[in-house]
Amino acid sequence: MGESKKQVGVLGLGRMGTALAGALLGAGHDVSVWNRSPLKAGPLLDRGARLAATPAEVGSVDVVLSCLSTYDIQQPVLEAAAPKVLVNLTSGTPEQARGVAKWAASEGIDYVDGVIMAVPQGIGTPAAQVLYSGSETVFAAQRDVLEVLGAPVFLGEDAGLAALYDLALLGMMWSTMAGYLHALALVGTEGVTPAQFAPMASAWQSAVGGFLPGIGEQVASGNYETDVSALDINAAGLALLVETSRAQGISPAVPAALQELFDRTVAAGHGSHAIASVIEEIR
Ligand SMILES: NC(=O)c1ccc[n+]([C@@H]2O[C@H](COP(=O)([O-])OP(=O)(O)OC[C@H]3O[C@@H](n4cnc5c(N)ncnc54)[C@H](OP(=O)(O)O)[C@@H]3O)[C@@H](O)[C@H]2O)c1
């Protein structure tokens, strides 16, 4: 790696921390790791990582990546590590991220917050997006290390932004997964297997993904006129789904949550508008 080789510390060797440390080793960086359960470091040590007995032993490296379960668990570890440069990859709320940024500033620690939009198996591939916010100077200085993990995207100087994007994107994922599970349960009442349903579900999911830019434009402009599909027709369809779910003996909880929202939006006068108008009730 020559000049670009850095000393990198990784705090936390769960599923994700292990993947991060593995990618950094693969890129030729000098990696020190710490984990509450040190036995998990075994495969990484075989690949040349150094095991730190305490977080403080990691802290003196060029840059420390932290990836622990929660912020509450992370904070005492960070305090013990006292890094010079910290990239916080633990998931939390925007307020928690801003809190760590404030603490880091008070300790003279260079800080950037990051969220990983990938599973551990995707780390080190361009498909792994990692979103960052906080100090752009720190982000730029550590870009060589961050690029090893996945495609880095800098969002802005507010340290809470990455966590906000994370939760917004995860919300989409959870809604999609819940919708898919509801669909599988519904067709399953008539003996349709996931393998039979999956091809239609995947094709439909791709088509729905194509609607997102148009919805975004309508939300941005506040113009909900449509010649495609009006909300009242969709609300009626949703009622059919809730009714059929009950009739087939499964819980209508997933569509019922949307039904209440769609009905409220129709009642507020958006029946002839596009589905994008539902954002008025969400807000
Ligand atoms: N996995 C994913 O797909 C994924 C994707 C994006 C973001 N993330 C985020 O990455 C972070 C880590 O996730 P993960 O999947 O790696 O979780 P994980 O496999 O459950 O690992 C949790 C880590 O936290 C440590 N830990 C837990 N309780 C602790 C305590 N009381 N004191 C000290 N250390 C403690 C664990 O140490 P031990 O090994 O000693 O238990 C381990 O290093 C989370 O914030 C998660 O939201 C994960």
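In case you missed it, the structure is sitting above this.
Residues numbered from 1 in each chain as written. Predicted model: local features only at pLDDT ≥ 70, side-chain atom pairs only at ≥ 80, totals over all residues. Heavy atoms only, no water.

J.: How would you summarise the packing of helix α4 (residues 71-81) against helix α5 (residues 94-107) if you had to cite specific residues and measurements?
T.: Where α4 meets α5, the axes come as close as 12 Å, and the angle between the chain directions of the two elements is 10°. The angle between the axes of α4 and α5 places the two elements in the roughly parallel class. Residues Y71, Q74, Q75, L78 and E79 of α4 lie in contact with α5, whose contacting residues are Q96, A97, V100 and W103. Of the residues that constitute the contact of α4 with α5, the class distribution is five nonpolar, three polar and one charged. (Axes fitted to C-alpha atoms, helices over the stretch in contact; angles between N-to-C directions. Helix = DSSP H or I, 4+ residues; strand = E, 2+ residues; numbered from the N terminus. Parallel < 35°, antiparallel > 145°, perpendicular 65-115°, else oblique. Contact = heavy atoms within 4.5 Å. Nonpolar A, V, L, I, M, F, W, Y, C, P; charged D, E, K, R; others polar.)

J.: Tell me what's going on with the pattern of salt bridges, and back it up with residues and numbers.
T.: A side chain of one charge can pair with a side chain of the opposite charge when the charged atoms of the two come close. Summed over the entire model, instances satisfying the criterion amount to seven salt bridges. Among the salt bridges present, the one from D30 reaches R50, with a minimum N-O distance of 2.7 Å. With a gap of 20 residues between them, D30 in strand β2 (residues 30-34) and R50 in strand β3 (residues 50-51) connect regions that are remote in the sequence. Ionic pairing is found between R98 and D158, a salt bridge with its closest N-O pair at 2.9 Å. Of this pair, R98 sits in helix α5 while D158 sits in the loop between β8 (151-156) and α8 (161-188), placing them 60 residues apart in sequence. Using a relative accessible area of 32% as the deciding quantity, one classes R98 as partly exposed. The class for D158 is partly exposed, based on a relative accessible area of 32%. Through salt bridges with shared partners, a single ionic network connects E95, R98 and D158. (Salt bridge = Lys/Arg side-chain N within 4 Å of Asp/Glu carboxyl O. Buried < 20%, exposed > 50% of the residue type's maximum accessible area, 1.4 Å probe, protein only.)

J.: Describe in detail the side chain of H273, supporting the description with residues and values.
T.: Among the secondary structure elements, H273 is positioned in the loop between α12 (253-270) and α13 (278-282). Beyond its immediate sequence surroundings of up to four residues, H273 is in contact with Y224, E225, T226, S229, A230 and L231.

J.: Describe the site of the ligand, naming the residues involved and giving the relevant values.
T.: Taken together, 19 residues are adjacent to the ligand, and R15, N35, S37, K40 and S91 come closest. Between L13 and the ligand, the recorded distance is 3.2 Å, taken from a backbone N or O atom to an oxygen atom. A distance of 2.5 Å separates an oxygen atom of the ligand from a polar atom in the side chain of S37. Coverage of the ligand by the protein amounts to 75% of the 890 Å² it exposes when considered alone. Taken together, the residues of the shell around the ligand sort by class into nine nonpolar, seven polar and three charged. (Near = heavy atom within 4 Å. Polar contact = N/O pair within 3.5 Å; in protein donor to acceptor, adjacent residues only side chain to side chain. Areas by Shrake-Rupley, 256 points an atom, 1.4 Å probe, with all protein chains shown as cover.)

None of the figures reported here should be taken as evidence of function without further support.
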